[in-house]
Amino acid sequence: MQYRKDRNGTPLSILGYGCMRFTKKGGGIDVDKAEQELLEAYRAGVNYFDTAYLYPGSEAALGEILERNQLREKVRIATKLPQYLIGSRTALERTFQEELSRLRTDYVDYYLMHHMTDVAMWEKLKNVGIIDWIAEKKRSGAIRNIGFSYHGNTENFLRILEDYDWDFCQIQYNYLDEVAQAGKTGLQAAAKRGVPVMIMEPLRGGKLVNMLPEAAKRAMRESGRGWTAAEWGLRWLYDQPEVTVVLSGMNSVEMVRENCRVAADAQANALTDADRETIERIKRAIREREKVGCTGCRYCMPCPKGVDIPGIFRCYNTMFTESKREGRSQFIQTVGLTREPAFASQCVRCGKCEQHCPQSIPIREKLQEADRALRPLPYKLGVGAVRAFLFRQKGK
Ligand code: SF4
Ligand code: SF4
């Protein structure tokens, strides 16, 4: 196993254990199976374990396994505050204590504000008193490092990053999402500030392994590397020195072994030009199924009406490269539930964006097409209801 350091110089295994995908059995987690897999990873040197309040049964299973094997002091636990459910300091404290109890510990090594999509979410937490609360927990040692996990657009990521002295952050990042969400821009901005970055969805929830078109598999074969599909995705990440830990939701011993093998071998700045060209071929093969040839360059931004043009096109494309459900789910996360609405329906057809698009995309027309696909009536009503609940105002 190789290690990269956190802000305090603590070595963290470059492979982190994502505890969201523990195998389920009879409606709960198969703790015995999870224990075997977790111990396999621990023995191979994995020392970072990521869970969350909202992953059903996960904190409790992790706490039980660590206690049974007397591993608490030997590993780092990362868990998350369901920040969008927190409306008062009392709720904040109650939730944190519940997490400690589930994890059978009296401190958390890495504590994250879960699933931030918007700077307004951070502002809401500040109004609840989170800054003082964090300071108190860090003073007492109950929280060692504070961070946030993120799914919104790049602009909001940068605003949250710059608004507080974070110890780390966690972003969705993989070779297909290089310009999506926080993206490479966010990764590099965090690294420049000395903020370690943990990576989630390194293989897009397995899609970069299970849903690859034949042309992408051919590109891998023809590279002569002999790397597996997962390995291409993981090596692309480890190649970037700004990446600290790559989280993988492992739920078989074989998967643990494969991931540990790659994490023991892959170096930063090690990919060759030929490797990069293979990854470009893989991406092109995936993108051939896309509906809009948007590269995510953002030259069209900002839209004076706040429309998230590249974000909407990315989700629309995901409906065809992965599945309708996945595209809509990403749309809800990254566009639908930001406090500042960014829907295509806000477009006033001024045409400013089209003057800057190097791909000559008829943006106005394609936005309407994407909106119809991404927001059929039930989704429109559902997103509106959730927005009304979250922001206590009528959603668009
Ligand atoms: S045409 Fe629509 S999307 Fe483009 S800049 Fe104008 S308002 Fe924004
Ligand atoms: S300028 Fe064109 S290609 Fe670039 S992000 Fe905007 S729509 Fe996409």
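A brief report on the enclosed structure follows.

**Quick look at the pairing of strand β10 (residues 168–172)**
- The element β10 is extensively covered by neighbouring structure, given that five of its five residues are classed as buried.
- On β10, burial covers both faces: Phe-168, Gln-170 and Gln-172 on one face and Cys-169 and Ile-171 on the other are all buried.
- Across four bridges, strand β9 (residues 143–150) lies against β10 in parallel orientation. Its bridge partner being in β10, Ser-149 is matched across the sheet by Gln-170.
- Note on the crossover from β9 through helix α6 (residues 154–163) to β10: the handedness is right-handed.
- Pairing of β10 with strand β11 (residues 197–200) involves four bridges; the strand directions are parallel. Looking at the pairing, Cys-169 lines up with Val-197 of β11.
- What joins β10 to β11 is helix α7 (residues 183–192), and the crossover it makes is right-handed.

**Notes on the environment of Gly-206**
- As for its placement among the helices and strands, Gly-206 is situated in the loop between β11 and α8 (207–210).
- Here the alpha-carbon distance between Gly-206 and Asn-153, two residues 53 residues apart in the chain, equals 22 Å.

**Details of the sheet that holds β11**
- Here we have eight strands rolled up into a closed barrel, ordered β3-β6-β7-β8-β9-β10-β11-β12, and parallel in their pairing. The average undirected angle you get between the axes of adjacent strands in this sheet is 30°.

**Observations concerning the site of ligand 1**
- The immediate surroundings of ligand 1 are formed by Cys-303, Pro-304, Lys-305, Ile-309, Cys-347, Val-348, Arg-349, Cys-350, Gly-351, Cys-353, Arg-364 and Leu-367.
- A breakdown of the residues in the shell around ligand 1 according to their chemical character gives eight nonpolar, one polar and three charged.

**A look at the site of ligand 2**
- Near ligand 2 there are 13 residues, and of these Cys-294, Cys-297, Arg-298, Cys-300 and Cys-357 occur at the shortest range.
- The residue makeup of the shell around ligand 2, split by class, is nine nonpolar, three polar and one charged.

**Some details on unusual backbone geometry**
- In this structure, Pro-302 follows Met-301 across a cis peptide bond, with omega equal to 0°.
- With phi around 50°, Gln-70 is a residue other than glycine that occupies positive phi space.
- Take Gln-70: it is sitting in the loop between α2 (58–68) and β7 (76–81).
- Positive phi is not limited to glycine here, since Arg-104 has a value of about 55°.
- Assignment of secondary structure puts Arg-104 in the loop between α3 (89–103) and β8 (108–116).

**Side note on the packing of helix α1 (residues 31–43) against helix α11 (residues 253–265)**
- As a packed pair, α1 and α11 sit with axes 9 Å apart at the nearest point and diverge in direction by 15°. By the angle between their directions, the pair α1 and α11 is classed as roughly parallel. Handedness of the α1/α11 crossing: right-handed. Packed against α1, whose contacting residues are Glu-37, Glu-40 and Ala-41, the element α11 presents Val-253, Val-256, Arg-257 and Cys-260 at the interface.

**A short note on the environment of Ser-360**
- Within the element layout of this structure, Ser-360 appears in the loop between α15 (352–356) and α16 (363–374).
- Sequence spacing of Ser-360 and His-114 is 246 residues, and the spatial spacing of their C-alpha atoms is 37 Å.

**Describing the packing of aromatic side chains**
- By the definition in use, this model includes 19 aromatic pairs.
- Judged by centre distance (4.8 Å) and plane angle (55°), the rings of Phe-148 and Trp-166 are tilted. Of the two residues, Phe-148 is situated in strand β9 and Trp-166 in the loop between α6 and β10; the sequence distance between them amounts to 18 residues. Pair check on accessibility: Phe-148 and Trp-166 agree, each one buried.
- Ring centres of Tyr-150 and Phe-157 lie 5.2 Å apart, and the angle between their planes is 65°; this geometry places the pair in the edge-to-face category. As far as burial versus exposure is concerned, Tyr-150 and Phe-157 are alike and both buried.
- Among the aromatic residues, those joined into a cluster by ring pairs are Trp-122, Phe-148, Tyr-150, Phe-157, Tyr-164 and Trp-166.
- If you follow Arg-72 out to its NZ or CZ, it ends over the ring of Tyr-107, 4.0 Å from the centre.
- Lying over the aromatic face of Tyr-107, Arg-144 brings its terminal NZ or CZ to 3.9 Å of the ring centre.

**Details of the pattern of salt bridges**
- Inspection of the entire model under this criterion finds 38 salt bridges.
- Taking the shortest distance from any N to any O, the salt bridge between Arg-204 and Glu-322 comes out at 2.0 Å. Remark: Glu-322 occurs in the loop between α13 (309–321) and α14 (324–336) and Arg-204 occurs in the loop between β11 and α8; sequence separation between them is 118 residues.

Rules of the game
Residues numbered from 1 in each chain as written. Chains lettered and ligands numbered in written order. Predicted model: local features only at pLDDT ≥ 70, side-chain atom pairs only at ≥ 80, totals over all residues. Heavy atoms only, no water. Buried < 20%, exposed > 50% of the residue type's maximum accessible area, 1.4 Å probe, protein only. Helix = DSSP H or I, 4+ residues; strand = E, 2+ residues; numbered from the N terminus. Pairing = 2+ DSSP bridges. Right-handed = clockwise from strand over helix to strand, strands pointing away. Axes fitted to C-alpha atoms, helices over the stretch in contact; angles between N-to-C directions. Near = heavy atom within 4 Å. Nonpolar A, V, L, I, M, F, W, Y, C, P; charged D, E, K, R; others polar. Parallel < 35°, antiparallel > 145°, perpendicular 65-115°, else oblique. Left-handed = near helix turned anticlockwise from the far one by under 90°. Contact = heavy atoms within 4.5 Å. Phe/Tyr/Trp six-rings, centres within 6.5 Å; stacked < 30°, edge-to-face > 60°. Lys NZ or Arg CZ within 6 Å of the ring centre and 35° of its normal. Salt bridge = Lys/Arg side-chain N within 4 Å of Asp/Glu carboxyl O.

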